[in-house]
Amino acid sequence: MNIAITFRQMDASDAVKSYVTEKVGKAQRMLRDPMQAQVTVSSQGRVRAVEVELHSGSQRFHAHEESEDMYASIDKAVDKLERQIRSEKTTLKGAERASQRMLPTDPDES
């Protein structure tokens, strides 16, 4: 697991770094391959924005969120990522089941 955090137009704080690492790191439990994440945290006026690019094997996930609270932005972005990962897994499982139904089981039964 590799998480790179970039701060734009704001000072880097250890509290935000550890919070991002903890929240984004939880996504690894849902993935098979090791993940690499690029998190960009920025502040412009009162708006706090978080953008997350997550790569795991051949899978790619992206989430962008803005709000006035930095921690709320992080939580919402991670929620989006988790929804995308769950959706991808159900799609893959459905395709796997469909392909298994298409395979003949025993040639003598046909």
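The shown structure was predicted, so the numbers you read here are calculated from the model rather than taken from an experiment.

**A closer look at the packing of aromatic side chains**
Right, on to step 1. Inspection of the entire model under this criterion finds one aromatic pair.
Right, on to step 2. Between tyrosine 19 and tyrosine 71 the ring centres are 4.8 Å apart and the planes differ by 85°, which places this aromatic pair in the edge-to-face class. Residue tyrosine 19 is found in helix H1 (residues 14–25), and its partner tyrosine 71 is found in helix H2 (residues 70–102); the two are separated by 52 residues along the sequence.
Right, on to step 3. Judged by its relative accessible area of 31%, tyrosine 71 falls in the partly exposed class.

**Side note on the pattern of salt bridges**
Right, on to step 1. All chains considered together, the criterion is met by three salt bridges.
Right, on to step 2. Put simply, lysine 23 and aspartate 75 hold a salt bridge, and the shortest N to O gap is 3.8 Å. Linking lysine 23 in helix H1 with aspartate 75 in helix H2, this pair joins segments that are 52 residues apart in sequence.
Right, on to step 3. By relative accessible area, which is 21% here, lysine 23 ends up partly exposed.
Right, on to step 4. Residues glutamate 65 and lysine 80 are paired through a salt bridge, measuring 2.9 Å at the closest nitrogen-oxygen approach. On the criterion of sequence distance, the pair formed by glutamate 65 in strand E4 (residues 59–67) and lysine 80 in helix H2 is long-range, its members being 15 residues apart.
Right, on to step 5. Accessibility expressed as a relative area gives 13% for glutamate 65, which makes it buried.

**As for the sheet that holds strand E3 (residues 47–56)**
Right, on to step 1. If you walk across this open sheet you meet the four strands as E1-E2-E3-E4, and the pairing is mixed. Where the open sheet ends on each side, the last strands, each with one partner, are strand E1 (2–8) and E4. On average, adjacent strands in this sheet sit at an angle of 10° to one another, irrespective of strand direction.
Right, on to step 2. In this sheet, strand E2 (residues 35–44) lies alongside E1 in parallel orientation, the contact comprising seven bridges. Each bridged residue has a counterpart across the sheet, and for threonine 6 the counterpart in E2 is threonine 40.
Right, on to step 3. Contacting E1, E2 and E3, H1 runs over the sheet at an angle of about 140° to E1.

Conventions and cut-offs
- Residues numbered from 1 in each chain as written.
- Predicted model: local features only at pLDDT ≥ 70, side-chain atom pairs only at ≥ 80, totals over all residues.
- Heavy atoms only, no water.
- Phe/Tyr/Trp six-rings, centres within 6.5 Å; stacked < 30°, edge-to-face > 60°.
- Helix = DSSP H or I, 4+ residues; strand = E, 2+ residues; numbered from the N terminus.
- Buried < 20%, exposed > 50% of the residue type's maximum accessible area, 1.4 Å probe, protein only.
- Salt bridge = Lys/Arg side-chain N within 4 Å of Asp/Glu carboxyl O.
- Pairing = 2+ DSSP bridges.
- Axes fitted to C-alpha atoms, helices over the stretch in contact; angles between N-to-C directions.
- Contact = heavy atoms within 4.5 Å.

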